[in-house]
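Chains, contacts and geometry: an overview
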Amino acid sequence: MIPDDFKNRKHTMEFTEIELELQQRYGWTKIELIKESRKYLLKYTSAHYESCKKELSTIEAAWLEKQVNDCFENEDQTTWQSLPGGDMMTVKIYKHGKLMVRLIREKPLKKYYDLQSSLQKLVRYGSLTETEAKKIKG
């Protein structure tokens, strides 16, 4: 769910490319953000699920930019592992064409795992604003 105050925000198109890939013992998932002209395209691929992609609306793009910037500001270095263990993560984030984060097959930091999970839900299930969600609940 996206807070209603994002309706008045404009996306800046500051992210030129994002790649978040989680490699696990029994599969992998990957989120890619591609900047195309004045639009973001979010793509999800996985070893176990059908691939999908989504062109983000202005509100979704602004929300995504806030999520990624909040992740940058989060200084938590806590790592994450699934029960079977052995998880590795690749993270590449380019902002204004400049490489900001590059982790190749590192232990997943929880903040990047959480970011990948949020973006995965956005591309697979879409989004609702707070107002839209309240209307559905009745």
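To keep things clear, this report deals only with the structure shown in the data block. (Residues numbered from 1 in each chain as written. Predicted model: local features only at pLDDT ≥ 70, side-chain atom pairs only at ≥ 80, totals over all residues. Heavy atoms only, no water.)

By size, the foremost hydrophobic cluster in this structure holds 31 residues, and its most contacted members are Leu42 and Leu64. Among the elements of the structure, strand E1 (15-24), strand E2 (27-36), strand E3 (39-46), helix H1 (58-73), strand E5 (88-95) and helix H2 (110-125) are those that each provide at least two residues to this core. In terms of residue count, H1 provides more of this core than any other element does, seven residues in total. In contact with Leu42, not counting residues within four places along its chain, are Ile31, Glu32, Leu33, Cys52, Lys53, Lys54, Leu56, Leu64, Leu119, Leu122 and Val123. (Core = buried A, V, L, I, M, F, W, Y, C linked by side-chain atoms within 4.5 Å. Buried < 20%, exposed > 50% of the residue type's maximum accessible area, 1.4 Å probe, protein only. Helix = DSSP H or I, 4+ residues; strand = E, 2+ residues; numbered from the N terminus. Contact = heavy atoms within 4.5 Å.)

A separate point is the sheet that holds E1. The strand order across the open sheet formed by six strands is E4-E3-E2-E1-E5-E6, and the pairing between neighbours is antiparallel. Here the strands that pair on one side only, and so sit at the sheet edges, are strand E4 (52-55) and strand E6 (98-106). Adjacent strand axes in the sheet meet at a mean angle of 10 degrees when their direction is disregarded. Across the sheet, H1 touches E1, E2, E3, E4, E5 and E6, and the angle it forms with E1 is around 65 degrees. Along the sheet, H2 contacts E1, E2, E3, E4, E5 and E6; its crossing angle with E2, the most-contacted strand, is approximately 70 degrees. (Pairing = 2+ DSSP bridges. Axes fitted to C-alpha atoms, helices over the stretch in contact; angles between N-to-C directions.)

With that settled, consider the pairing of E5. The pairing of E1 with E5 spans eight bridges and is antiparallel. Paired with Leu22 across the strands is Met89, a residue of E5. Here six bridges tie E5 to E6, and the two strands are oriented antiparallel to one another. Counted as the bridge partner of Val91 is Leu103 from E6. As consecutive antiparallel partners, E5 and E6 are separated by two residues, and within that stretch His96 has a phi angle of approximately 55 degrees, a positive value.

So, on to the side chain of Thr29. Secondary-structure assignment places Thr29 in strand E2. Polar contacts involving the side chain of Thr29 include one to the side chain of Gln116, which spans 3.2 Å. If near-sequence neighbours (up to four positions away) are discounted, Thr29 is found in contact with Leu20, Glu21, Leu22, Tyr44, Thr45, Ser46, Gln116 and Gln120. (Polar contact = N/O pair within 3.5 Å; in protein donor to acceptor, adjacent residues only side chain to side chain.)

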